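In case you want the letters, here they are:
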Amino acid sequence: MFKYLICINPLGLMYGSAGAFLSPENLVGRSGAKFPPEAATLSGLFFSVNQVQKLWDKKQLSNDLSVAGPFWSKTNNPEYFYVPIPWTKIIAEDESSEWEFKNKKWHCENSELTPDYQWQTINYWNYSAERIRSNGYAEKVPWNFVSVLHPHLKNDERCTLKNEDDTKGGLFLEYSVQLDSEYCLVYLSTQALPNGWYRFGGENHIVEINSFELPDNSPILELLRQPIKDKFALITPGIWGSNRISHRQPQDNSFPETMQMLTDKPVPYRYRSQGTLGRGRYAVPAGSVYVLKEPINKPWWEWDEKWFPNEGYSLKKVGCGLCLPVEIQGVN
């Protein structure tokens, strides 16, 4: 089970375009914007740090390390971090609504309501949409995208690379992210990363990382230990199938059949493995709700490894499809 929170505070801007399907248009356009970095980025940082500092046995780290995210929180209260709101709850500024089951079909009294909030604190996970809205437990993202035009610099000098260097030269446009100083990014992890400053997320931006150990009786861990029965919502993207075909659920026969889903269009997912950027994949977005034909009766942590894609290493180790149980009116 996860034991630590990894909190990341940007020291300036962060990179905001990594991970999506890359094209010349996406490098400078909002269509390719992607933030926060996936858990795979943090996993890669662990191995990069270990390569230099030799903190863990390489094979043991590969076996033991699991991370999940991304989430975010207020800097002074990282334990109660924000997770994606399940699609069954629609929370706007002045009203809310919820999807329910009627005659085995999805029904919502106000399905035309457009949500203004996409994130809620994890400690109020099981609260109704109206209770979350009226108590201010939902939030909008605390970051903005900023276009920055700047030159390539030499690695060892604050000097611009010149065209005659026969390398990269001139200016480039970076689609950066500015995170509110009162907030930080949060990831769950089985290992602690030494506190300090690191390059994280692309384009050599510097962040401050602090690791916090969660007490065994933490309400967050108790929530993650709850068994998943026949209803759950993803709090991280779910990647199923192979690197050629994406699916909406694990393809192993032992995974129960999905009766109903509430989801949005797939999101691009890309990660770096063994120094190479893997083929772009599509993921089921966080917040998607599943209703299964049979209960699983196990927390996500105990799900069968063969339900997850294994491309060099299991995607369960980067928190693929981390989920929590949900209540849906009309479903027993």
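Residues numbered from 1 in each chain as written. Predicted model: local features only at pLDDT ≥ 70, side-chain atom pairs only at ≥ 80, totals over all residues. Heavy atoms only, no water.

For the chain, an unreviewed UniProt entry supplies the name CRISPR-associated protein and the organism Anabaena sphaerica FACHB-251.

*Asks:* How would you sum up the overall build of the chain? Please name residues and give values.
*Replies:* The helix and strand tally for the chain stands at 5 helices and 25 strands. Per-residue burial for the chain yields a buried fraction of 48% across its 332 residues. When the accessible area of the chain is evaluated, it comes to approximately 17200 Å², of which 45% is carbon and sulfur surface. (Helix = DSSP H or I, 4+ residues; strand = E, 2+ residues; numbered from the N terminus. Buried < 20%, exposed > 50% of the residue type's maximum accessible area, 1.4 Å probe, protein only. Areas by Shrake-Rupley, 256 points an atom, 1.4 Å probe, with all protein chains shown as cover.)

*Asks:* Give a description of the sheet that holds strand β16 (residues 231–234) that names residues and reports values.
*Replies:* As summarised here, the arrangement of the 4 strands in space is β19-β24-β16-β25, forming an open sheet in which the pairing is antiparallel. The two strands at the open ends of the sheet, each matched to only one other strand, are β19 (258–262) and β25 (323–325). Along the sheet, successive strands turn relative to each other by an average axial angle of 25°, direction set aside. As paired elements, β16 and β25 share 3 bridges and run antiparallel to each other. Bridging across to β25, Leu234 finds its partner in Cys323. (Pairing = 2+ DSSP bridges. Axes fitted to C-alpha atoms, helices over the stretch in contact; angles between N-to-C directions.)

*Asks:* Let's hear about the side chain of Thr236: which residues, and what values?
*Replies:* With respect to the helices and strands, Thr236 occurs in the loop between β16 and β17 (240–241). There is a polar contact of 2.6 Å between the side chain of Thr236 and the backbone oxygen of Gly319. Within the structure, Thr236 has its side chain in polar contact with the backbone nitrogen of Gly321 (distance 3.4 Å). Sequence-distant contacts of Thr236, that is, excluding residues within four places in its chain, are made with Gly69, Phe71, Ala286, Gly319, Cys320, Gly321 and Leu322. (Polar contact = N/O pair within 3.5 Å; in protein donor to acceptor, adjacent residues only side chain to side chain. Contact = heavy atoms within 4.5 Å.)

*Asks:* Provide a residue-level description of unusual backbone geometry, including the pertinent values.
*Replies:* Backbone torsion omega between Gly69 and Pro70 reads 5°, so that peptide bond is classified as cis. Phi angles above zero are rare outside glycine, and Asn103 is one such case at about 55°. Along the chain, the position of Asn103 falls in the loop between β7 (100–102) and β8 (105–107). Of note, the phi angle at Lys104 is positive, near 65°, even though the residue is not glycine. Looking at the element boundaries, Lys104 is found in the loop between β7 and β8.

*Asks:* Just give me the short version of the side chain of Ser66, but keep the residues and values in it.
*Replies:* By secondary structure assignment, the location of Ser66 is in the loop between α3 (58–64) and β3 (67–74). Those residues in contact with Ser66 that sit more than four places away from it in its chain are Phe2, Leu188, Ser189, Thr190, Trp301 and Lys317.

*Asks:* Please give an account of the nonpolar core that cites residues and values.
*Replies:* Counting 51 residues, the largest nonpolar core has Phe81, Leu188, Phe232, Trp303 and Leu322 as its most contacted members. Beyond its immediate chain neighbours, meaning those up to four positions away, Phe81 contacts Leu5, Phe71, Trp72, Ser73, Gln120, Thr121, Ile122, Val186, Leu188 and Ile220. Counting residues in hydrophobic clusters, the runner-up holds 26 residues, among them Phe46, Trp143, Leu179 and Phe200. (Core = buried A, V, L, I, M, F, W, Y, C linked by side-chain atoms within 4.5 Å.)

*Asks:* How would you sum up the pattern of salt bridges? Please name residues and give values.
*Replies:* When the charged atoms of two side chains with opposite charge come close together, those side chains can pair. Evaluated as defined, the whole model comprises 7 salt bridges. Between Lys102 and Glu100 there is a salt bridge, with its nearest N and O atoms 3.7 Å apart. Lys102 sits in the partly exposed class, given a relative accessible area of 40%. Across the pair Asp230 and Lys231 runs a salt bridge, and its minimum N-O distance is 3.3 Å. With respect to class, Asp230 is no different from Lys231; both count as buried. One network of salt bridges, in which partners are shared, links Glu100, Lys102 and Glu109. (Salt bridge = Lys/Arg side-chain N within 4 Å of Asp/Glu carboxyl O.)

*Asks:* So, the packing of aromatic side chains: which residues are in play, and what are the values?
*Replies:* In the structure shown here, the tally under the stated rule is 24 aromatic pairs. Ring geometry for Tyr124 versus Tyr127: centroids 5.0 Å apart, planes at 50°, classification tilted. Residue Tyr127 is classed as partly exposed on the basis of its relative accessible area of 23%. On the numbers, 4.9 Å between centres and 90° between planes, the contact of Phe255 with Trp307 is edge-to-face. On the criterion of sequence distance, the pair formed by Phe255 in the loop between β18 (246–247) and β19 and Trp307 in the loop between β24 (289–292) and β25 is long-range, its members being 52 residues apart. Each member of the pair, Phe255 as well as Trp307, is classed as buried. (Phe/Tyr/Trp six-rings, centres within 6.5 Å; stacked < 30°, edge-to-face > 60°.)

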